[in-house]
Amino acid sequence: LGDGRMAWDFFKNLVSRGAWSKEDAFYGILYAATAADGEVSAQETEEVIALAHRTKTMKGVSHTDLAAIHARVEDQFKRDFNAALSDACNSVPAEVVPSIFAHAVDVVFADGKVVTKEVEFLRNLAEKLKLDEPTAQKIIDVLQTKNAY
């Protein structure tokens, strides 16, 4: 990987092929959830930031590293939203799939309204994460109750 340009190209290609870190994958899925309806609300952004500070996956990530993760993730999603979501989902270990799905549902509910595009996003996300429908529905039901008032 001689020069810096070749190293950067290698890194970009590696990330675009699905080799995301667990932190990038976690943040990427939450990032996608904020954009699911085509609008990013302040409440959704606040929820992602709060999750980044309190979840086990992101707890040790500094503000500087979080900014770098955001930049990498945003770049991937701007290039190809569906490919980036697939890559992020494929990088999530199976044992944390229900948890990351629950966090994404919480982000979708953060602005107080759920529109058709967000429902479609959650259905697509569950499929990409290989989360069975009964488990996905149970998570949605619990979080819908949590966010009702």
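Residues numbered from 1 in each chain as written. Predicted model: local features only at pLDDT ≥ 70, side-chain atom pairs only at ≥ 80, totals over all residues. Heavy atoms only, no water.

Student: Help me understand the packing of helix α2 (residues 22-34) against helix α3 (residues 42-54) in this model?
Tutor: For any two helices packed against each other, the geometry is given by the interaxial angle and the distance between the axes. Running from N to C, α2 and α3 cross one another at 165°; their axes reach a closest spacing of 9 Å. Taken together, the axes of α2 and α3 lie roughly antiparallel to each other. Crossing of α2 over α3 shows right-handed handedness. On the side of α2, the interface is formed by Y27, L30, A33 and T34, while α3 contributes E44, V48 and L51. Residue composition of the contact of α2 with α3, grouped by class: 5 nonpolar, 1 polar and 1 charged. (Axes fitted to C-alpha atoms, helices over the stretch in contact; angles between N-to-C directions. Helix = DSSP H or I, 4+ residues; strand = E, 2+ residues; numbered from the N terminus. Parallel < 35°, antiparallel > 145°, perpendicular 65-115°, else oblique. Left-handed = near helix turned anticlockwise from the far one by under 90°. Contact = heavy atoms within 4.5 Å. Nonpolar A, V, L, I, M, F, W, Y, C, P; charged D, E, K, R; others polar.)

Student: Sorry, what's going on with the packing of aromatic side chains here?
Tutor: How two aromatic rings sit relative to each other is given by the distance of their centres and the angle of their planes. Across all of its chains, the model carries 3 aromatic pairs by this definition. With a centroid separation of 6.2 Å and an interplanar angle of 85°, the aromatic rings of W20 and F77 are classed as edge-to-face. With W20 in the loop between α1 (4-16) and α2 and F77 in helix α4 (residues 63-79), the pair connects residues that are 57 residues apart, well separated along the chain. Accessibility assignment for this pair places W20 and F77 in one class, buried. (Phe/Tyr/Trp six-rings, centres within 6.5 Å; stacked < 30°, edge-to-face > 60°. Buried < 20%, exposed > 50% of the residue type's maximum accessible area, 1.4 Å probe, protein only.)

Student: Sorry if this is basic, but what is going on with α3 here?
Tutor: Each α-helix winds once per 3.6 residues, and so residues spaced three or four apart point in a common direction. The end-to-end C-alpha distance of α3 is 18 Å, a good match for the 18 Å that 13 residues give at a rise of 1.5 Å each. Within the span of α3, buried status applies to E44, E47, V48, L51 and A52. Along the axis of α3, the buried positions cluster into a sector of 135°, meaning they face one direction only. Among the structural elements, α2, α4, α6 (97-109) and α7 (116-128) are those in contact with the buried residues of α3. (Expected span 1.5 Å × (residues − 1). Arc of directions from axis to C-beta.)

Student: How should I be thinking about helix α8 (residues 133-146) in this particular structure?
Tutor: Spanning 14 residues, α8 covers 20 Å between terminal C-alpha atoms, matching the ideal 20 Å at 1.5 Å per step. Taken together, the buried residues of α8 touch α6 and α7.

Student: Explain the pattern of salt bridges to me, please; I cannot follow it from the model alone.
Tutor: A side chain with one charge can pair with a side chain of the opposite charge if their charged atoms come near. All told, the structure shown has 6 salt bridges when counted by the stated rule. Across the pair E74 and K78 runs a salt bridge whose closest N-O atoms are separated by 3.9 Å. A residue pair is termed a helical-turn pair when its members lie 3 or 4 positions apart in one helix, as E74 and K78 do in helix α4 at 4 residues. Classification of E74 as partly exposed rests on a relative accessible area of 25%. (Salt bridge = Lys/Arg side-chain N within 4 Å of Asp/Glu carboxyl O.)

Student: What is the right way to look at the nonpolar core in this model?
Tutor: Counting residues in hydrophobic clusters, the biggest one holds 42 residues, and the most contacted among them are I29, F101, F121, L125 and L129. Breaking this core down by element, the ones donating at least two residues are α2, α3, α4, α5 (81-90), α6, α7 and α8. Setting aside its immediate chain neighbours within four residues, F101 contacts L122, L125, A126, L129, L131, A136, I139 and I140. (Core = buried A, V, L, I, M, F, W, Y, C linked by side-chain atoms within 4.5 Å.)

Student: I keep staring at the confidence of the model for the protein and nothing clicks. Help me out?
Tutor: Low pLDDT marks regions whose predicted coordinates should not be analysed in detail. In the predicted model, the protein carries a mean pLDDT of 86, and the fraction of residues at 70 or more is 88%. Note on residues 6-17: pLDDT is under 50 here. Beyond four places in sequence and across chains, it has 13 contacts. (pLDDT = per-residue confidence, 0-100.)

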